Amino acid sequence: MTIAEFHPPHRLLLGPGPSPVEDRVMRALAAPTLGHLDPVFLACMTDVQHLLRYVFETQNRVTFPVSGTGSAGMEAALANLLEPDEEVIIGIHGFFGERMYEMATRLGARPIRVEAEWGRPLDEQAMKAALDRSRARVVCVVHAETSTGVLQPIEPIARWVAEREGILIVDAVTSLGGHPVGVDRHGIGVCYSGSQKALSCPPGLAPITFSESALEKVRRRKTPVPNWYLDVSLIERYWGSERCYHHTAPINMNYALREALRIVAEEGLEARWRRHERNARALWAGLEAMGLELLVPREHRLWTLTTIRVPEGVEDGRVRARLLEEFNIEIGGGLGPLRGKIWRVGLMGAGSTRGNVLLFLSALESVLRREGVRCGSGVSAAVEAYGG
Ligand SMILES: *Cc1c(COP(=O)(O)O)cnc(C)c1O
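Residues numbered from 1 in each chain as written. Predicted model: local features only at pLDDT ≥ 70, side-chain atom pairs only at ≥ 80, totals over all residues. Heavy atoms only, no water.

Side note on the overall build of the chain
For the record, the criterion: Where helices and strands are cited, they refer to DSSP runs of H or I of at least four residues and of E of at least two residues respectively, numbered from the N terminus. Throughout, a residue-residue contact means that at least one pair of heavy atoms, one from each residue, lies within 4.5 Å. Counting rule applied: Lys, Arg positive; Asp, Glu negative; His and chain ends not counted. Every charge is mapped to an atom, namely NZ of Lys, CZ of Arg, CG of Asp or CD of Glu.
Helix and strand counts for the chain come out as 14 helices and 14 strands. Projected onto its principal axes, the C-alpha coordinates of the chain cover approximately 60 × 55 × 45 Å. In the chain, 72% of the contacts between residues at least 6 apart in sequence involve partners at least 24 apart. Between the centroid of the 45 positive side chains of the chain and the centroid of its 46 negative side chains there is a distance of 1 Å.

Written out as structure tokens, the structure reads:
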């Protein structure tokens, strides 16, 4: 049997992830595969851990990439920290908060929902009240809700959780590398991310970090962690000083993550945040000048992902298909209650550039005009936002 070689096209990935991957990272991926206990690979693991501590802004010893995508990071956080029948507060302001709730339920915990309208952040007082009314010690929150484009402020929630000696689990899948996360600054208990969003690596690894108090809670469990593969006390023996076999790490993906993190470190976290902010603001200026409406109020917007309301009478899927076919540009549609109602435009990692902002605005303008929408020009407003 012969099947033709696979030649995927080069797309401009401006959706909710995966984000564009730099050639340097692709070259790292193609290096020779080593054994998972080869001393050269062990050195690569050490580098990945150093670099991850830098991007998470933490000194946590137990910091490593989970072998799996962002959802595996979520599962690792919840499966280790939650015990059966344990109450846990889950902030839900979008699709990924719902996913946390679903996982906590399957783990046999008793999740307590604190909800906000999709497109708005959680009410911090409501989170505090729920915590005070319950016996929960663990609080879960999504920092960057990729389904809505909302940035959830972490600081006030982190403060209350710390005052009650609780443990905060933060989903930073779409913020790490694009927004400040500050694991140690905020006293976050467990924080996880994904390789393919603002870190600009292919999908497949989920960076995660555990504080000492989070690990202490894992050690005191009455029941074993229900998921063998994601049990941090076992994985720790591989990613810790013992370097003892647990599972075969995805070797080449770790080369790629190392290279993607090297790029983050070369640019510097602060400069990277500013770049994401600058390009997002120019995009917003352009979209608003076109007469489009953004879902999220300015002060709560993510820099890594912008959500646009689909104008009245416009067919969501047709516009996205034309962007893909005519311009090779991928953007995302809405999830859950926002399906068909919004577009999701990611400017993540290597994708967050001035060139991409201007190209996307002109492409969208061209498609919308031909779909019968009367819209203004976004490009010149964006250029102006950059200072000319
Ligand atoms: C993408 C994403 C996830 C899930 O990551 P996968 O890599 O798709 O498994 C979880 N949380 C948030 C906020 C995300 O954006």
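Following the structure, the description resumes.
Quick notes on the packing of helix α3 (residues 70-81) against helix α4 (residues 95-106)
As a reminder, the rule being used: Whenever a helix is involved, its axis is fitted only over the stretch in contact; in every case the axis is a line through C-alpha atoms, and angles between N-to-C directions fall within 0 to 180 degrees. The labels follow the angle: roughly parallel below 35 degrees, roughly antiparallel above 145, roughly perpendicular from 65 to 115, and oblique for the rest. Throughout, a crossing is termed right-handed when the near helix is turned clockwise from the far one, and left-handed when it is turned anticlockwise from it by less than a right angle. Each residue receives one of three labels: charged for Asp, Glu, Lys and Arg, nonpolar for Ala, Val, Leu, Ile, Met, Phe, Trp, Tyr, Cys and Pro, and polar for the others, Gly being one of them.
Two elements in contact, α3 and α4, have axes whose closest approach is 10 Å; the angle formed by their N-to-C orientations is 45°. By the angle class used here, α3 and α4 are oblique. When the axes of α3 and α4 are compared, the crossing they make is right-handed. From α3, S71, M74, E75 and L78 reach across to α4, where they touch F96, R99, M100, M103 and A104. Among the residues making up the contact of α3 with α4, the classes are represented as six nonpolar, one polar and two charged.

Some remarks on the sheet that holds strand β13 (residues 332-333)
Cut-off, in case you're wondering: Strand pairing is assigned whenever DSSP detects at least two bridges linking the two strands.
Across the sheet, three strands lie side by side as β11-β14-β13; this open sheet has antiparallel pairing. Lying at the two open borders of the sheet, with one neighbouring strand each, are β11 (305-309) and β13. Note that β13 and strand β14 (residues 342-346) share two bridges and pair antiparallel. What sits directly across from G333, in β14, is W343. Those strands touched by helix α12 (residues 316-327) are β13 and β14, and its axis lies near 30° from that of β14.

Focus on the domain arrangement of the chain
As a reminder of what qualifies: Domain boundaries shown here were taken from an automatic or database domain assignment. By buried area we mean how much accessible surface two parts lose on assembly, using a 1.4 Å probe and totalling the loss over both. Here, a salt bridge means any Lys or Arg side-chain nitrogen found within 4 Å of an Asp or Glu carboxyl oxygen. Any N or O atom pair separated by 3.5 Å or less is treated as a polar contact, with the protein-specific requirement of one donor-capable and one acceptor-capable atom, and with residues adjacent in sequence counted only for side-chain atom pairs.
By the assigned domains, the chain splits into domain 1 (23-266) and domain 2 (269-386). Each partner contributes residues to the interface: domain 1 has 28 residues there, and domain 2 has 24 residues. Summed over both sides, the interface of domain 1 with domain 2 buries roughly 2,200 Å², with 65% coming from carbon and sulfur. Taken as a group, W118, G149 and H179 account for 22% of the area that domain 1 buries against domain 2, more than any other trio of residues on that side. For the pair domain 1 and domain 2, the number of links is zero salt bridges. The tally of links from domain 1 across to domain 2 stands at twelve residue pairs in polar contact (both at pLDDT 80 or more). When contributions to the side of domain 1 that touches domain 2 are tallied by element, the ones reaching two or more residues are α2 (39-56), β6 (144-145), β7 (150-151) and α10 (251-267). A class-by-class count of the residues in the side of domain 1 that touches domain 2 yields 13 nonpolar, ten polar and five charged.

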